[in-house]
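Observations on the model geometry
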Amino acid sequence: MKTRYTLALAALLLASSCVEDTGNYTYEAPDAVAPVILSGLEASYEAISLEQLVIDPEMKEDGDHFEYAWYAYPINHTAIPYDTIGRARKLDYTVTIPSGTYTLIFKATDKRHGTSVYQRTQLSVSSIFGKGYYVNKSENGRGDVDFIDRNGTLHPNLLKQVNGDDLPGTAVRSAYVSNKYYYETTDAAGVTTRLLAQPAFLFCTDQDMRVYHGDNMNLLKSWDEAFLEVPAVKRPQGVWATGGGFMLMNDNALHFIHNNGYTVGQFGYHFPSGDYRYAAQAAIGSSGCCVFDENAGTFLGYYPAHNTPYTDVYPAYVGHNYVNQELLWLGSRHFYDISSTNAYAIIRDKGDDAVRVFTLWPHYIQSNLFVFETEYLINPGIGIGDGKVFTCHGGGNVSTISAGHPVIYYSTGDNRVHYYNLANQIERRDAVTLPADERVVYIHHAYDYYYQVNIFSILAEKNGNWKLYTHDMVGSTPDIQATPAATYSGTGTPVNLIYRHPDTKLTY
Amino acid sequence: MTRNTTLNTLLLAALLAGAACENTVVNRYESPASLYFYRGGSQVDSTSYSFFFAAPSAVEDTLWLDIRLTGIPAGEARPISLVQLNAGETNAARAGTHYVGLDDPRVAPALVLPASATSAVVPVILLRTPEMDTAAFRLALGIVPDDHFVEGIKDRASFVISITATAEKPAAWDRYYDTAFGPWGQEKMRFLIEHVGYTAFDESLANADMRVFLNLKAREKLAAYEAEHGPLYEADNITRVTFP
């Protein structure tokens with residue numbers, strides 16, 4: 001009996017499935033029912049920590065049947081979590097997410113239909129210190145930084161203003177990395193907290209070196225706190241940013257902070273210096289670096305995880321290191337926000353005075369390679385061999401250098417800037433000329449292909465004080481606009497500068 | 001609710017209320033007291049001690065053993081009957097030579113479970129001898145019953161100490177140390193202690209930064225040592241001390 005009932009029920013259900021659906025439906029295109037954003041977002045936004053970020057998109061229709069969300073996804077920074085920073089149409093947000101570059105997504109949903117529309121933009125978050133020029137200068141036997149913020153406001157003696165103290169000695173270099181500094185703090189109750197992937201700014205004079213937090217410029221570590229074992233001699237020769245942290249040259253020895261998840265913000269033991277005498281220059285590639293031994297007149301490669309320098313590992317088509325050379329310049333070529341691409345070196349042969357320019361690839365040092373290529377022998381009459389300060393045009397990447405020009409800018413220490421184009425081996429004289437009573441002490445091309453940073457800076461000295469000229473480039477050419485976009489000045493003798501940008505992870 | 005049900009409910013409540021007013025009788029723990037070697041933290045059933053890690057001038061060092069009570073704490077201090085179990089056996093440590101006798105005035109007064117205490121930490125003073133540069137001596141200690149304590153937990157009534165001045169390979173060496181220092185050797189370890197200043201061999205050395213730091217320092221210190229003294233060899237005079 002039970003079986004009969006079951007079969008009857010199944011038959012009824014089968015029969016009903018054959019009935020034609022005669023319902024009257026109206027189909028509408030998604031565009032017709034989806035929310036419409038009338039005034040879209042801009043291509044990018046910059047925000048300063050703890051200040052208000054207001055974005056007010058206009059909707060075709062609004063009301064209680066709409067809901068909104070603003071999502072911030074960090075780009076290339078895995079230590080920062082995703083976040084929802086708004087739930088209303090108008091974003092009015094006190095910026096508390098960490099410094100970095102985000103994809104910002106605005107989402108509007110019509111709850112009646114469940115349809116949504118999205119718009120995407122880019123959001124750069126930084127502190128007030130996250131964008132601007134850091135002029136390293138010396139005054140009255142002390143070293144400090146004059147900071148020019150994004151509004152063009154000069155903040156002289158930044159380190160002393162923030163921390164109450166500058167550094168003894170003559171300024172040498174500074175370096176910044178946005179996300180490779182790990183350190184620990186211990187509060188009054190003895191509780192230790194480990195901070196991960198923090199921004200750090202390192203500044204050194206010829207007598208001292210200190211570590212500052214990149215967001216607020218507060219002192220993190222003094223010299224005695226900045227090493228796993230404090231060196232016997234305090235004689236800094238320079239600090240450089242690397243893809244893994246920082247490299248310090250001190251008393252003719254190299255120390256690294258190389259982030260591997262365990263670092264506590266302290267430089268390690270110095271690498272063997274042997275009979276080398278380092279020039280105070282370096283080309284950085286990822287976490288490795290290329291330096292120059294003035295004794296033998298040759299190049300050396302170091303990588304933090306390898307305990308001896310690379311001196312003689314070359315591809316077969318190069319087959320030699322350079323020896324018995326005088327180093328005129330060694331510098332990295334700016335690339336995207338993450339790393340440099342190749343580097344350049346200019347050398348003069350101590351035997352025949354021949355000047356050579358060549359590219360090298362410090363990236364490959366960590367792969368047990370130390371690669372030179374594309375050597376250019378400088379023809380007589382070309383003045384680059386007389387240069388005192390140099391920089392190169394940024395751009396390019398590891399697989400192609402088409403995005404940037406193979407151009408080296410230089411000055412002989414007077415008031416003029418010239419450039420030499422390796423592509424056609426032609427020199428352009430007097431690309432920029434400063435007033436006759438000024439002396440060029442540093443030049444710099446801040447470049448980021450992805451984030452469209454493209455600024456040429458000339459730092460000059462006049463009567464013991466500094467002047468900074470920032471120039472736009474002429475289109476996509478290597479030429480510099482003759483008239484500066486901005487001019488700044490301050491007191492103290494300048495040595496060099498770095499340019500920080502919220503989208504750029506490290507400075508060279 | 002019927003009248004009977006109501007009455008039954010009230011009766012049950014009255015019974016429960018009455019029972020709640022009775023005094024609770026708790027059974028007291030009255031087993032005899034005993035002692036045992038605690039196992040926990042860094043203390044297990046035995047340990048090895050090497051004067052290799054002590055300063056070259058060190059002639060004695062003290063180990064502290066954690067002894068615990070089962071039973072009721074007493075109102076007065078009670079002596080702990082600690083004895084050597086392996087006296088006279090081959091390679092057994094000798095009282096007065098390899099360790100300070102347990103009846104010695106420096107030790108005996110400390111072999112006490114204080115009043116009201118449930119545990120005591122007692123000293124064993126180890127003495128360095130030249131024999132220990134090549135041999136290890138075994139000291140098996142036991143807690144024996146006496147007027148105050150009955151026999152305790154059987155497998156925790158003894159504790160063995162191996163005493164030597166030779167180096168022993170740290171347990172973590174093959175996992176992390178070898179990347180910083182290469183294959184283990186006694187003279188290599190002595191060099192690390194005396195010239196590199198590293199003694200924390202009980203740590204894992206998982207920190208890659210610290211491994212690079214120690215490797216660089218060891219290489220530099222060894223180069224300086226060899227420049228003054230020539231190559232350093234292990235005891236076989238064949239295996240040269242090197243770092244990768």
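Since the model is a prediction, treat every value here as computed from it, not as a measurement. (Residues numbered from 1 in each chain as written. Chains lettered and ligands numbered in written order. Predicted model: local features only at pLDDT ≥ 70, side-chain atom pairs only at ≥ 80, totals over all residues. Heavy atoms only, no water.)

What follows is about the overall build of chain B. On a plain count of helices and strands, chain B comes out with 4 helices and 9 strands. From first element to last, N terminus to C terminus, chain B shows the α and β order α-β-β-β-β-β-β-β-β-β-α-α-α. Long-range contacts, defined as pairs at least 24 residues apart, comprise 73% of the intrachain contacts of chain B with a sequence gap of at least 6. With the model as given, the accessible surface of chain B reaches about 13900 Å², and the carbon-plus-sulfur share is 53%. (Helix = DSSP H or I, 4+ residues; strand = E, 2+ residues; numbered from the N terminus. Contact = heavy atoms within 4.5 Å. Areas by Shrake-Rupley, 256 points an atom, 1.4 Å probe, with all protein chains shown as cover.)

With domains assigned, chain B is organised as domain 1 (34-164) and domain 2 (173-229). The centre of domain 1 of chain B, based on its C-alpha atoms, is set 33 Å off from the matching centre of domain 2 of chain B. (Domains from an automatic or database assignment.)

This brings us to helix α3 (residues 186-196) of chain B. All names here are of chain B. Taken residue by residue, α3 has E187, K188, M189, F191, L192, I193 and V196 as its buried positions. As for α3, its buried residues are in contact with α2 (173-181) and α4 (208-229). G197, located one to two residues past α3, shows a positive phi value of around 80 degrees. (Buried < 20%, exposed > 50% of the residue type's maximum accessible area, 1.4 Å probe, protein only.)

Across all of its chains, the model carries 41 aromatic pairs over all chains by this definition. Pairing F256(A) with F271(A) gives two aromatic rings, centres 5.3 Å apart and planes at 75 degrees, and the pair type is edge-to-face. Remark: F271(A) occurs in the loop between β20 (253-258) and β21 (283-285) and F256(A) occurs in strand β20; sequence separation between them is 15 residues. Here F256(A) and F271(A) have matching classes, each one buried. Ring-pair connections join several aromatic residues into one group, and the members of that group are W173(B), Y177(B), F181(B), F191(B), Y198(B), F201(B), Y225(B) and F243(B). For R500(A), the ring lying beneath its charged end belongs to Y176(A), and the centroid distance is 3.8 Å. (Phe/Tyr/Trp six-rings, centres within 6.5 Å; stacked < 30°, edge-to-face > 60°. Lys NZ or Arg CZ within 6 Å of the ring centre and 35° of its normal.)

Bringing the packing of α2(B) against α4(B) into the picture now. All names here are of chain B. Put simply, α2 and α4 touch, their axes get as near as 8 Å, and they point 40 degrees apart. Here α2 is positioned oblique relative to α4, judged by the angle of their axes. Taken together, the residues of α4 that come into contact with α2 (itself represented by Y176, T179, A180 and F181) are R211, L214, N215 and A218. (Axes fitted to C-alpha atoms, helices over the stretch in contact; angles between N-to-C directions. Parallel < 35°, antiparallel > 145°, perpendicular 65-115°, else oblique.)

Moving on: the packing of α3(B) against α4(B). Geometrically, a packed helix pair is captured by the angle between its two axes and the distance between the axes. Residue and element names in this part refer to chain B. As a packed pair, α3 and α4 sit with axes 10 Å apart at the nearest point and diverge in direction by 90 degrees. Here α3 lies roughly perpendicular to α4, going by the angle between them. Along its contact with α3, which presents F191, L192, H195 and V196, the element α4 presents L214, K217, A218, K221, L222 and Y225. Partitioning the contact of α3 with α4 into residue classes produces 7 nonpolar, 1 polar and 2 charged. (Nonpolar A, V, L, I, M, F, W, Y, C, P; charged D, E, K, R; others polar.)

If you look at the interface, chain A gives 14 residues, while chain B gives 14 residues. Summing both sides of the interface, chain A and chain B together bury roughly 1200 Å²; the carbon and sulfur share of this comes to 57%. Summed over the three residues of chain A that lose the most area to chain B, namely Y262(A), Y269(A) and N307(A), the buried surface amounts to 49% of that side. At the surface where chain A touches chain B, the tally comes to 1 salt bridge. Here E229(A) and K217(B) are joined by a salt bridge, their closest N and O atoms 2.4 Å apart. Where chain A touches chain B, the interface holds 5 residue pairs in polar contact (both at pLDDT 80 or more). In terms of residue class, the side of chain A that touches chain B is built from 6 nonpolar, 7 polar and 1 charged. (Buried area = accessible area lost by both parts, 1.4 Å probe. Salt bridge = Lys/Arg side-chain N within 4 Å of Asp/Glu carboxyl O. Polar contact = N/O pair within 3.5 Å; in protein donor to acceptor, adjacent residues only side chain to side chain.)

Residue and element names in this part refer to chain B. Structurally, the position occupied by T129 is in the loop between β7 (119-127) and β8 (136-143). Exposure remark for T129: the relative accessible area of 11% places this residue in the buried category. Spatially, the C-alpha atom of T129 lies 11 Å from that of R94, the residues being 35 residues apart in sequence. Sequence-distant contacts of T129, that is, excluding residues within four places in its chain, are made with T97 and H98.

You will see that L50(A), though not glycine, has its phi angle at about 70 degrees, which is positive. Mapped onto the secondary structure, L50(A) falls in the loop between β2 (44-48) and β3 (52-55). The exposure class of L50(A) is exposed, given its relative accessible area of 66%. Here L205(B), not a glycine, exhibits a phi torsion of approximately 60 degrees, which is positive. Tracing the backbone shows L205(B) in the loop between α3 and α4. According to the relative accessible area criterion, L205(B) is buried, its value standing at 6%.

Quick look at the environment of Q161(A) now. On the secondary structure map, Q161(A) appears in helix α3 (residues 158-163). The spacing of Q161(A) and E67(A) is 94 residues in sequence and 46 Å in space, taken between C-alpha atoms.

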